[in-house]
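A closer look at the structure
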Amino acid sequence: MPGADLNRELVVSARNPVADDVVELVLASADGLALPAWEPGAHVTLSLPEGLLREYSLCGPDTSDGTWTIAVHRAPDSRGGSRFVHDHLTVGTNVTVSGPANNFPLAADERQVLVAGGIGITPILTMARAIRARGATVTMLYCGRSRSLMAYRDEIAAWGEPGVVLHADDERGGPPDLSAFLDEHAGATVYCCGPEPLIAAVEKKAPAGSPVQVERFRGVAADTSEDEEFDVVVSGADQRVRVHVGESILDALARAGFDVPSSCREGICGTCETAVVRGVPDHRDTVLGEEERADGELIMPCVSRSRTPEIELDLF
């Protein structure tokens, strides 16, 4: 999206609780200018103290009203991001934001099934609204441990869509029957966002002929048992950096004095995306698609490695 790398000074213009431990923030331009429109599945990146960068899905009801809305769950194991948002981003507070970017776009010409768990509803909600806006029927499973934890549940229930299932585990005696739900809609593309156990279950249980598109909160652990050392050649700098076993390319470059912007460090956000000049990447991210992986022109150095003894990267 245009302007995805541009940092903007925004102000919190509204703050609303939308579920237990979930706060919605409306962000507006500090200079009064309208913010760029966005598409379902898009996210923005907040720059927080101590160098923290955190991505949050846009979830406002209007994609082109000049403001950006996010909803943030206060994670019990917060690494600082959600805790800071909840404790310090009050109305009138300024925050630096970049974006929008979209690693989770919604196609317009296919049958779609939406699956959300917990705060994973934020990108899924925008997709559901877009599907309704074009006059199509929404097919969605939205699950949470309890109804009080499910953001935007009242809006979704008010749609009266027969294909939408709100599943609170404590009311239904446990998690939903994913196999039955997915089998009922075999052949449709499944869009899923939520905790890793939910995503893993959807990927495993989706029937043949039902492609699965996902957005993760955390990266998937890679098999590191056969990892070896390799060199990164920094294009244009005439410098070679050794990447040790157990060390990421990102950390090796930082050790050598190269500052590559990063955020999640788990291969899920795309912030550290870097161009490959030569060499073969060992992709371990969840951002790049199959064609992009096959092209070998990009790498996420926070998690990915090299299949060749050296790999040349363009950092400039």
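You'll find the structure just up there.
Residues numbered from 1 in each chain as written. Predicted model: local features only at pLDDT ≥ 70, side-chain atom pairs only at ≥ 80, totals over all residues. Heavy atoms only, no water.

Across its full length, the protein holds eight helices and 18 strands. For 316 residues, the compact-globule estimate of 2.2 N^0.38 gives 20 Å, and the C-alpha radius of gyration of the protein, at 20 Å, lies within 12% of that figure. Expressed as a percentage of its 316 residues, the buried residues of the protein come to 49%. In the protein, the share of contacts with a sequence separation of at least 24, taken over all contacts with a separation of at least 6, comes to 62%. Total accessible area on the protein stands at roughly 14900 Å², and carbon and sulfur atoms take up 47% of it. Charge separation in the protein, taken as the distance between the mean sites of 27 positive and 49 negative side-chain charges, equals 4 Å. (Helix = DSSP H or I, 4+ residues; strand = E, 2+ residues; numbered from the N terminus. Rg over C-alpha atoms; globule rule 2.2 N^0.38 Å. Buried < 20%, exposed > 50% of the residue type's maximum accessible area, 1.4 Å probe, protein only. Contact = heavy atoms within 4.5 Å. Areas by Shrake-Rupley, 256 points an atom, 1.4 Å probe, with all protein chains shown as cover. Lys, Arg positive; Asp, Glu negative; His and termini not counted. Charge placed at Lys NZ, Arg CZ, Asp CG, Glu CD.)

One pass over the structure, following the stated rule, counts zero disulfides. Cys193 forms no disulfide, and the closest cysteine sulfur to it belongs to Cys192, at a distance of 7.1 Å. (Disulfide = S-S within 2.5 Å.)

Let's shift gears to the pattern of salt bridges. One pass over the full model with this rule turns up 18 salt bridges. With its nearest N and O atoms 3.0 Å apart, the salt bridge here joins Arg132 to Glu161. With a gap of 29 residues between them, Arg132 in helix 2 (residues 121-133) and Glu161 in the loop between helix 3 (153-158) and strand 9 (164-168) connect regions that are remote in the sequence. Taking relative accessible area as the criterion, Arg132 reaches 34% and is therefore assigned partly exposed. Glu161 gets classed as buried once you look at its relative accessible area, which sits at 16%. One salt bridge in this structure joins Arg242 and Asp231, with 3.0 Å as the shortest N-O distance. Of this pair, Arg242 sits in strand 13 (residues 239-243) while Asp231 sits in strand 12 (residues 230-234), and the two are 11 residues apart along the sequence. One connected set of salt bridges, linked through shared partners, spans Glu229, Asp231, Arg240, Arg242, Arg278, Glu310 and Glu312. (Salt bridge = Lys/Arg side-chain N within 4 Å of Asp/Glu carboxyl O.)

Counted by the stated rule, this structure contains two aromatic pairs. Between the aromatic rings of Phe258 and Phe316, the centroid separation amounts to 6.4 Å while the plane-to-plane angle is 65°, which identifies the pairing as edge-to-face. One end of the pair, Phe258, is in the loop between helix 7 (249-255) and strand 14 (274-278); the other, Phe316, is in the segment after strand 18 (310-314), and 58 residues separate them in sequence. On the basis of relative accessibility, which here comes to 13%, the residue Phe258 falls in the buried class. (Phe/Tyr/Trp six-rings, centres within 6.5 Å; stacked < 30°, edge-to-face > 60°.)

This part covers a negative patch on the surface. Judged by side-chain charge, Glu273, Glu290, Glu291, Glu292, Asp295 and Glu297 come together as a negatively charged surface patch. Turning to its location among the elements, Glu290 is positioned in helix 8 (residues 290-295). (Patch = residues over 30% accessible without salt bridge, like charges linked within 9 Å, V, L, I, M, F, W, Y side chains within 5 Å.)

Just distances and angles here, no functional claims.
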